[in-house]
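Per-entry structural report
Chain by chain, the residues run as shown.
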Amino acid sequence: MSSFRGFLYGYFCLVSRTAARCSLLFCQRAVGASSALSGLPLLVGARRRLLVFRCPSPAARCAAAGRGAAGAGPGPCAPRRWGCGFRPVRVAVVAKTTRYEFEQQRYRYAELSKEDLKQLLALKGSNYAGLLERHRIHTKNVEHVVDSLRNERIEVRLVKRREYNEETVRWADAVISAGGDGTMLLAASKVFDKFKPVIGVNTDPERSEGHLCLPARYTQSFPEALQKLYRGEFRWQWRQRIRLYLEGTGINPTPVDLHEQQLSQEQHSRAHINERFQDQRSDISGPHLLPVRALNEVFIGESLSSRENFKSCKSSFKFSLHRASYYEISVDDGPWEKQKSSGLNVCTGTGSKAWSYNINKVANQAVEEILEIAKKHGSLNMPLNTELVQKVTNDFNDSLLYSPEEPKMFFSIREPIVNRVFSSSWQRGFSSKVCVRSRCWDACMVVDGGTSFEFNDGAIASIMIDTEDALCTVLLEE
């Protein structure tokens, strides 16, 4: 009898693997990516155990017929729906470090008592009870996500920032970030497999915007999100990311983790110097592909606070002067231009809603003042009112945003200095490639606000998008 059971089990496994493989092949054709997926390790069956697919939906059939997903417009950036369910076997959950945990870790060597920590936080304007309450809310929601996965018999590995590494990513079929947008950026930073989904869950929607996460209601009803994934009621979204090449003299391709070290300017510079002496690759002169991808943006400028301390005539007193960032820039292989500014920001479609937007957006007051000047010069023959000003403001600010799936970048020059020596032909614009040659003294190239590379005189950075670096994410309806 046992041999008969073994036969049935073996037959069932064979049928299941064959069905899954056929469904995956159909889905590959549905998104027009069979050539890109042909080398996917998933095709070897049980070795990866990644996905279990359902029958193709009408949307997938439309896509396979060349009409795209239902309701999607034409073109490579149209939203794509595979119409196949997604059921991971192994999931890594990356939980953020809360402010409460951070403060405890920060002063752990001082061996402060609970009351001492309360008093110290009060002096800084923080409330101990409030931090503890937000920590409890976050922890409860993380437990809800983990329990929901385990109830579906999904193997879960819960990790914090320090424990999250390449081995964890390789182990997992999907990665879930449990925190806010910062945690999502952290989770995405170590995922280089285009077909490994990264899904964000906002564990404190009252205090965190969570643009990159699932809609806030799924925080409390994560099992519903899982069921939608199983039924294929979602869209895959491949968010484009920026890759970076570094070349030149004396470059240091070793990254510094800003979140982990919480560095001051002096510590930050020392960390880069230490890394340089420890890393024998600092003499590399040819293009070196850096081991990170930017989901939001890349910022280049003088270190951290962009200021330098000078001793005055009194030995005990120091004062600070802001130091402008000096560099040369070439956009889309165009001519090089010398510039001085407070820094350069290059973002993706995902990042166009973040720092880049706040650098470039205009306020109603500025628009109204410009329209008033235009009216004085006779170039505007219409009455000015609040509605018109608001419409013009909204139209301009909306023009700064674009789809995360579009393979292009948007660069912004912050506060450019323009005189007879330095110019700024374009303060902002779309591009496919940006090259920057540093003329700085103590500059950094910061990726997604968390990873920093030394970028001083003689270093050249090439910033571009390669669609193979896209990050696989999930879109669920509200």
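Residues numbered from 1 in each chain as written. Predicted model: local features only at pLDDT ≥ 70, side-chain atom pairs only at ≥ 80, totals over all residues. Heavy atoms only, no water.

**Brief notes about the overall build of the protein**
The condition is simple: Helix and strand definitions here come from DSSP, where helices need a minimum of 4 consecutive H or I residues and strands a minimum of 2 consecutive E residues; each element is numbered from the N-terminal end. Residue burial is assigned from relative accessible area. The probe radius is 1.4 Å, only protein chains are included, and a residue is buried under 20% of its type maximum, exposed over 50%, and partly exposed in between. We call two residues contacting when some pair of their heavy atoms lies within 4.5 Å. Residue-level accessible areas treat just the shown protein chains as cover; the underlying method is Shrake-Rupley with a 1.4 Å probe.
Looking only at helices and strands, the protein features 14 helices and 21 strands. Counting the 478 residues in the protein, one finds 44% classified as buried. Sequence separation of at least 24 residues holds for 72% of the intrachain contacts in the protein that already meet a minimum separation of 6. When the accessible surface of the protein is split by element, carbon and sulfur atoms take 52% of a total near 25200 Å².

**Quick word on the pattern of salt bridges**
The condition is simple: Each reported salt bridge corresponds to a side-chain nitrogen of Lys or Arg within 4 Å of a carboxyl oxygen of Asp or Glu.
Within the structure shown, the criterion is met by 19 salt bridges. Ionic pairing is found between arginine 99 and glutamate 103, a salt bridge with its closest N-O pair at 2.7 Å. Taken together, the residues span about one helical turn, with arginine 99 and glutamate 103 both in helix α4 (residues 99–106) at a distance of four residues. For arginine 99, a relative accessible area of 38% puts it in the partly exposed group. The class of glutamate 103 is buried, set by a relative accessible area of 1%. For lysine 408, the salt bridge is made with glutamate 406, and the minimal N-O distance between the two is 3.3 Å.

**Overview of the sheet that holds strand β18 (residues 443–447)**
Backbone-to-backbone hydrogen bonds join strands into a sheet, with any given pair of strands oriented parallel or antiparallel. Convention followed: Pairing between strands is defined by DSSP: at least two bridges between them are needed.
Pairing in this open sheet of seven strands is antiparallel, and the strands run β7-β19-β18-β9-β14-β15-β16 from one edge to the other. In this open sheet, the two edge strands, each paired with only one partner strand, are β7 (256–257) and β16 (428–431). Where strand β9 (residues 297–302) meets β18, five bridges bridge the pair, whose relative direction is antiparallel. Pairing of glutamate 302 across the sheet is with alanine 443, part of β18.

**Some thoughts on the nonpolar core**
Our working rule: Nonpolar cores are built from buried Ala, Val, Leu, Ile, Met, Phe, Trp, Tyr and Cys residues. Side-chain atoms within 4.5 Å join them into one set.
If you look at the biggest cluster of nonpolar residues, it comprises 30 residues, and the most contacted ones within it are Val93, Leu149, Ile176, Leu214 and Phe222. At the level of elements, β1 (90–95), α6 (128–151), β3 (174–179), β4 (198–202), α9 (222–231), β5 (235–239) and β21 (471–475) are the ones that each hand at least two residues to this core. The element that contributes the greatest number of residues to this core is α9, accounting for five residues. Discounting chain neighbours no more than four positions away, the residues touching leucine 149 are Val91, Val93, Ile154, Val156, Ile176, Phe222 and Leu226.

**Examining the side chain of asparagine 456**
On the secondary structure map, asparagine 456 appears in the loop between β19 (451–454) and β20 (459–465). We classify asparagine 456 as buried; its relative accessible area is 17%.

**Re the side chain of glutamate 103**
To be explicit about the condition: Whenever a nitrogen or oxygen atom comes within 3.5 Å of another N or O atom, the pair is scored as a polar contact, on the condition that within protein one atom can donate a hydrogen and the other can accept it, and that pairs from neighbouring residues in sequence are kept only if both atoms are in side chains.
In terms of polar contacts, glutamate 103 uses its side chain to reach the side chain of arginine 99, at 2.7 Å. Separated by 3.4 Å, the side chains of glutamate 103 and lysine 124 make a polar contact. When sequence neighbours within four positions are dropped, the list of residues in contact with glutamate 103 reads Leu117, Leu121, Lys124 and Leu131.

**Quick notes on the environment of leucine 120**
Locating leucine 120 in the fold gives a position in helix α5 (residues 114–123). With relative accessibility at 24%, the residue leucine 120 sits in the partly exposed group. With near-sequence residues (within four places) excluded, leucine 120 lies in contact with Tyr107 and Leu112.

**Some points on the environment of glutamate 337**
Within the element layout of this structure, glutamate 337 appears in strand β13 (residues 337–341). When the C-alpha positions of glutamate 337 and serine 425 are compared, they lie 8.4 Å apart, and in sequence the two are 88 residues distant. Residues in contact with glutamate 337, not counting those within four places in the same chain, are Tyr327, Glu328, Ile329, Ser423, Ser424 and Ser425. For glutamate 337, the side chain forms a polar contact with the side chain of serine 423, separated by 3.2 Å.

**With respect to the packing of α4 against α6**
Convention followed: Note on definitions: angles span 0 to 180 degrees between N-to-C directions of axes, and those axes are lines fitted to C-alpha atoms, for helices only across the stretch in contact. The scheme is simple: roughly parallel for angles under 35 degrees, roughly antiparallel for over 145, roughly perpendicular for 65 to 115, oblique for anything else. We call Asp, Glu, Lys and Arg charged. Ala, Val, Leu, Ile, Met, Phe, Trp, Tyr, Cys and Pro are nonpolar, and the rest, Gly among them, are polar.
Relative orientation of the contacting elements α4 and α6 amounts to 120°, with a least axis distance of 7 Å. Classed by the angle they form, the pair α4 and α6 counts as oblique. Here α4 contributes Arg99, Tyr100, Glu101 and Glu103 to the contact with α6, which in turn contributes Tyr128, Leu131, Leu132 and His135. Residue composition of the contact of α4 with α6, grouped by class: four nonpolar, one polar and three charged.

**A few points about unusual backbone geometry**
A positive phi angle, close to 60°, is found at arginine 153, a residue other than glycine. Note on placement: arginine 153 falls in the loop between α6 and β2 (155–159). For glutamate 415, which is not a glycine, the phi torsion comes out positive at approximately 45°. Within the fold, glutamate 415 resides in the loop between β15 (409–413) and β16.

**Remarks on the sheet that holds β1**
Read from one edge to the other, the open sheet built from four strands follows the order β2-β1-β3-β4, with strand pairing classed as parallel. The outermost strands of the open sheet, each flanked by one partner alone, are β2 and β4. Averaged over all pairs of adjacent strands, the angle between strand axes in this sheet comes to 20°, irrespective of strand direction. Pairing of β3 with β4 involves five bridges; the strand directions are parallel. Bridged to valine 175 within β4 is valine 198.

**A look at the packing of aromatic side chains**
To be explicit about the condition: Any pair of Phe, Tyr and Trp rings, taking the six-membered ring for Trp, is counted once the centres come within 6.5 Å. Such a pair is stacked with planes under 30 degrees apart, edge-to-face with planes over 60 apart, and tilted for the rest. Lysine and arginine charges are scored as sitting over a ring when NZ or CZ, respectively, is within 6 Å of the ring centre and within 35 degrees of the ring normal.
According to the stated counting rule, one finds eight aromatic pairs in the structure shown. For the ring pair phenylalanine 410 and phenylalanine 430, a centre distance of 5.0 Å and an interplane angle of 65° mean the geometry is edge-to-face. In this pair, phenylalanine 410 sits in strand β15 while phenylalanine 430 sits in strand β16, placing the two residues 20 residues apart along the sequence. Assessed through its relative accessible area of 4%, phenylalanine 410 is described here as buried. Looking at phenylalanine 430, the relative accessible area reads 37%, which means it is partly exposed. Three or more aromatic residues link up through ring pairs in this structure, and these residues are Phe86, Phe234, Trp236 and Trp238. Note that arginine 87 overlies the ring of tyrosine 230, its terminal NZ or CZ placed 3.8 Å from the centroid. When the ring centre of phenylalanine 430 is taken as reference, the NZ or CZ atom of lysine 408 above it lies at 4.0 Å.

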